[in-house]
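# Observations on chain architecture
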Amino acid sequence: MKILLYNPDNGVTRNFMPHLWMFLLQALTPPGHEVVLIDGNARPMDEESIARYVREEGIGLVGIGAMTRMIAKAYRMADAVRATGAKVVMGGPHVTEMADEALGRDGGTRHADAVALGEADQTWPKIVEDASRGQLKDVYAPVDDFGQERKPSLQPYPAIPWNSINLDQFNLVPGMFQPLLKKIGTGWGTFKIIPVESGRGCPYGCEFCTVTGFFGDSIRFRTNKSVVDELLLLKARAKSEGGQIAVFFIDDNFAINPKRTKSLLRDIIAANAQVHWVAQISANLLRDEELVDLIAAAGGKWIFIGMESIDPTNLASVNKGFNKPGEYAVVLDRLAQRNVYAITSFIFGMDNDTPGVADRTLQAIRTWPPGLPIFGLLTPLPATPLYKRLEAAGRLTRPKHWQEFIPFAMAHTPLKMSVEEAHDEVRIGWAKSYSPEAIRNAVASLGHKPLGYRINIFIARLCFRGIYFPSMGRFAWLKAISENRRTIFKLIREGLGAWRGSRDLASAPVSVADPH
């Protein structure tokens with residue numbers, strides 16, 4: 001049987017890296033089947049094109065995984081696939097909580113022939129075997145002989161053959177530049193961001209988050225050796241391609257067990273397995289100086305921190321009181337001193353937010369080392385404590401907001417501002433953080449660092465700008481480049497100056513001092 005694993009985009013906020021679940025299920029597929037992968041973020045498709053692909057390639061089974069913000073697109077693509085006669089199995093956090101919706105048991109359209117609940121590591125091989133025999137069941141759940149949910153231990157962990165998987169669709173270097181960069185030997189002929197996990201689960205249980213509900217509150221880890229071996233494989237591939245690879249550790253809290261994380265980082269360093277990487281870590285865990293030292297030494301370059309708010313009352317209201325806004329500056333300075341920078345996430349529309357929250361947040365951000373702030377709205381996702389609380393209070397304005405995905409739009413009524421005011425706050429946050437002036441200031445603030453750091457923050461700011469202001473076409477990118485031309489020209493001048501200086505130094509005659 002030929003199998004397609006498909007990850008949809010939501011048509012707006014495209015991602016910059018593939019999703020791990022596709023590669024994991026490919027590695028777990030029983031022998032004798034061919035598996036192809038398509039990520040809609042890297043290879044956009046509509047309903048007609050996926051149906052045509054399924055027919056032309058003779059696909060028998062399509063696996064579709066999606067989070068809530070992607071589910072409307074996922075359902076449309078699933079409907080198009082089923083119309084060809086191919087079978088569809090759907091999974092992921094949304095389908096796990098809304099299985100009846102996917103199966104049409106809630107009175108709506110049936111979108112899937114089968115659903116996989118929870119983590120599919122153990123159920124996927126059974127799904128493939130049943131599909132190949134034409135005996136798909138409606139629901140597959142990871143349970144033991146007593147009907148209790150069973151979580152995979154992650155030991156042993158499936159070996160993903162990163163050395164042989166076709167990753168061309170995920171190369172972030174524009175096609176027109178790839179031959180030139182390979183020819184001149186810059187090491188940037190390819191650049192891919194690869195998802196890797198070292199553990200699953202989170203004990204914190206933040207009110208708005210789906211992680212604890214989906215992965216559980218007990219943490220499971222891979223062995224250090226399996227993670228290190230994977231990094232070495234990726235590092236070797238990048239070298240063989242004359243390119244670059246960065247890793248995104250997708251653990252929901254990479255340092256949730258500091259002792260174990262330090263052990264892993266020491267093993268990465270000992271094996272010379274360092275690649276540039278990004279990870280999600282709570283601010284409270286970054287109080288540990290030794291941990292931050294090891295992060296830097298092991299290749300960590302960016303840390304994603306869910307700060308959510310600078311208001312302690314807001315944080316307490318969503319069960320995230322372990323975040324201490326008074327510590328944010330210290331944490332970010334600690335990272336920056338080691339040349340590690342932060343992606344800082346904020347949520348507006350929380351119960352104690354009032355108009356002006358964006359400017360108050362930006363005032364704090366400007367006192368921190370330059371990073372990548374991102375802003376969103378409090379969103380009640382299905383089955384989360386937040387959804388249940390707002391539903392009970394009658395505050396949901398779009399109870400099934402996922403059926404029509406609207407980016408950066410509220411689905412409930414805030415307490416101390418209107419929906420429109422909340423939308424304005426998000427717009428202000430993005431506009432003021434990613435204006436040409438803000439980007440120029442971020443670059444200038446790293447004037448004491450080598451040129452590479454300033455180029456890094458400039459490119460990262462342009463990319464993150466596209467989350468809220470999508471630069472989907474050539475003209476949109478040209479406009480963004482034009483708006484930031486002053487910063488670009490300054491970086492080019494500095495780069496040329498450094499290049500000329502290195503050439504002059506290399507060509508200067510070597511003098512030997514008179515020993516007398």
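Located above this text is the structure these notes cover.
The sections below set out a description of the structure shown in this document. These numbers come from a predicted model, not from an experiment. Each residue is numbered by its place in its chain's sequence as written, counting from 1. Given that this is a predicted model, residues contribute local features only at a pLDDT of at least 70 and side-chain atom pairs are listed and counted only at 80 or more, while totals for whole chains, interfaces and linings are drawn from all residues. Heavy atoms from the whole structure form the basis of all side-chain values; hydrogens and water molecules are not counted.

## Here we look at the overall build of the chain
Worth spelling out the cut-off: Secondary structure elements are defined from DSSP: runs of H or I of at least 4 residues count as helices, runs of E of at least 2 residues count as strands, and each element is numbered from the N terminus. Here the radius of gyration uses the C-alpha set of atoms, whereas the globule reference equals 2.2 Å times the residue count to the power 0.38. Note on classification: 1.4 Å probe, protein chains only; a residue is buried when its accessible area is under 20% of the maximum for its type, exposed when over 50%, partly exposed between these limits. By the convention used here, residues are in contact when the closest approach between their heavy atoms is within 4.5 Å. Reported accessibility uses the Shrake-Rupley method at a 1.4 Å probe radius. Residues are deemed covered only where the shown protein chains occlude them. When charges are counted, neither His nor the chain ends are considered; positive counts come from Lys and Arg and negative counts from Asp and Glu. To locate a charge, take NZ of a lysine, CZ of an arginine, CG of an aspartate or CD of a glutamate.
When helices and strands are counted, the chain shows 20 helices and 14 strands. Taking 2.2 N^0.38 as the reference for a compact globule, 516 residues should give roughly 24 Å; the C-alpha atoms of the chain span a radius of gyration of 24 Å, in line with that estimate. Overall, the chain is about 90 × 55 × 50 Å in size when its C-alpha atoms are taken along their principal axes. Scored against the burial criterion, the 516 residues of the chain give a buried share of 50%. Pairs at least 24 residues apart make up 71% of the contacts formed inside the chain by residues separated by at least 6 positions. Looking at the chain as shown, the accessible area adds up to about 23,600 Å², and 56% of this sits on carbon and sulfur atoms. Across the chain, 60 positive and 54 negative side-chain charges occur, with their mean positions spaced 6 Å apart.

## Structural notes on helix 17 (residues 436–444)
Test applied: Directions from the helix axis toward the C-beta atoms define the arc.
Buried within helix 17 are the following residues: Ala438, Ile439, Ala442 and Val443. One side of helix 17 carries all its buried residues, which in axial view fall inside an arc of 135 degrees. For helix 17, the exposed residues lying more than 90 degrees away from the buried face are Glu437 and Ala444.

## Here's the deal with the environment of Ile305
Note that Ile305 resides in strand 12 (residues 300–308). Considering only alpha carbons, one finds Ile305 and Thr123, 182 residues apart in sequence, at a separation of 33 Å. The contacts of Ile305, once residues within four sequence positions are left out, are Ile281, Ala283, Leu286, Val331, Leu332, Leu335, Ala342, Ile343, Thr344 and Ser345.

## Thoughts on the sheet that holds strand 2 (residues 34–39)
Two pairing modes exist for strands in a sheet, parallel and antiparallel, and in both the strands are linked by backbone hydrogen bonds. Put simply, the test is: Two strands make a pair as long as DSSP finds a minimum of two bridges between them. Inter-axis angles, ranging from 0 to 180 degrees, are taken between N-to-C directions of lines fitted to C-alpha atoms, where helices are fitted over the stretch in contact.
The strand order across the open sheet formed by 6 strands is 2-1-3-4-5-6, and the pairing between neighbours is parallel. Pairing within the sheet leaves two strands with one partner each, and these edge strands are strand 2 and strand 6 (139–140). As defined by bridge partners, strand 3 (residues 61–65) adjoins strand 4 (residues 87–91) across 5 bridges and the pair is classed as parallel. Residue pairing for strand 4: Ile64 is matched across the bridge by Met90. Relative to strand 1 (residues 2–7), helix 1 (residues 20–28) is tilted by about 160 degrees, and along the sheet it contacts strand 1, strand 2 and strand 3. Packed on one face of the sheet, helix 2 (residues 47–57) meets strand 1, strand 2 and strand 3 and runs near 160 degrees to strand 1.

## Some words on the state of the cysteines
Quick reminder of the rule: Cysteine sulfur atoms are paired as a disulfide whenever they come within 2.5 Å of each other.
Inspection of every chain in the model, using the stated rule, returns 0 disulfides. Left unpaired, Cys206 is separated from the closest cysteine sulfur, that of Cys209, by 6.1 Å.

## Here we look at the environment of Trp402
Note the threshold: Pairs of N or O atoms within 3.5 Å make up the polar contacts considered here, provided that, within protein, one atom can donate a hydrogen while the other can accept it, and that residues adjacent in sequence are counted only when both atoms are side-chain atoms.
Within the element layout of this structure, Trp402 appears in the loop between helix 15 (385–392) and helix 16 (419–433). A residue is classified by how much of its surface remains accessible, and Trp402, at 3% relative accessible area, is buried. Linking Trp402 and Ser345, residues 57 residues apart in sequence, is a C-alpha distance of 22 Å. Look past the residues within four positions of Trp402 in its chain and what remains in contact with it is Thr68, Ile71, Ala72, His94, Met98, Glu101, Pro382 and Tyr387. Within polar-contact distance, the side chain of Trp402 engages the side chain of Glu101 at 2.9 Å.

## Some remarks on the pattern of salt bridges
For side chains bearing opposite charge, pairing can occur when the charged atoms are close. Our working rule: For this analysis, a salt bridge means a side-chain nitrogen from Lys or Arg found within 4 Å of a carboxyl oxygen belonging to Asp or Glu.
Overall, the coordinates contain 39 salt bridges when judged by the stated rule. A salt bridge links Asp100 to Arg105; the shortest N-O distance between them is 3.8 Å. Two residues, Asp229 and Lys225, come together in a salt bridge whose shortest N-O distance is 2.7 Å. In this pair, Asp229 and Lys225 are both assigned in helix 9 (residues 224–241), 4 residues apart and thus about one turn of the helix distant. The exposure class of Asp229 is partly exposed, given its relative accessible area of 35%. Each of Glu119, Asp121, Glu149, Lys151, Glu197, Arg200 and Arg220 takes part in one network of salt bridges that share partners.

## A few points about a nonpolar patch on the surface
Put simply, the test is: To count toward a patch, a residue needs a relative accessible area over 30% and no salt bridge; like charges are then connected within 9 Å, while nonpolar side chains (Val, Leu, Ile, Met, Phe, Trp, Tyr) are connected within 5 Å.
A contiguous nonpolar patch, built from Phe489, Ile492, Leu496 and Trp499 and spanning about 410 Å² of accessible area, is present on the exposed surface. Mapping Phe489 onto the fold places it in helix 20 (residues 485–507).

## Quick look at the sheet that holds strand 12
Strand order across the open sheet formed by 6 strands is 7-10-11-12-13-14, with parallel pairing between neighbours. Strands with a single pairing partner mark the edges of an open sheet, and in this sheet they are strand 7 (191–196) and strand 14 (372–377). This sheet shows a mean twist of 20 degrees between the axes of neighbouring strands, independent of strand direction. The pairing of strand 11 (residues 276–280) with strand 12 spans 4 bridges and is parallel. Opposite Trp277, over in strand 12, you have Gly300 as the bridge partner.

## What to know about unusual backbone geometry
A cis amide bond links Gln155 to the next residue, Pro156, at an omega of 0 degrees. Inspection of the secondary structure assignment puts Pro156 in the loop between strand 6 and helix 7 (178–183). A positive phi is found at Asn319, a non-glycine position, where the angle reads about 65 degrees. In this fold, Asn319 is placed in the loop between helix 12 (312–317) and helix 13 (328–336). Accessibility expressed as a relative area gives 43% for Asn319, which makes it partly exposed. In this structure, Phe408 takes a positive phi of about 55 degrees despite not being glycine. As for its position among the elements, Phe408 is in the loop between helix 15 and helix 16.

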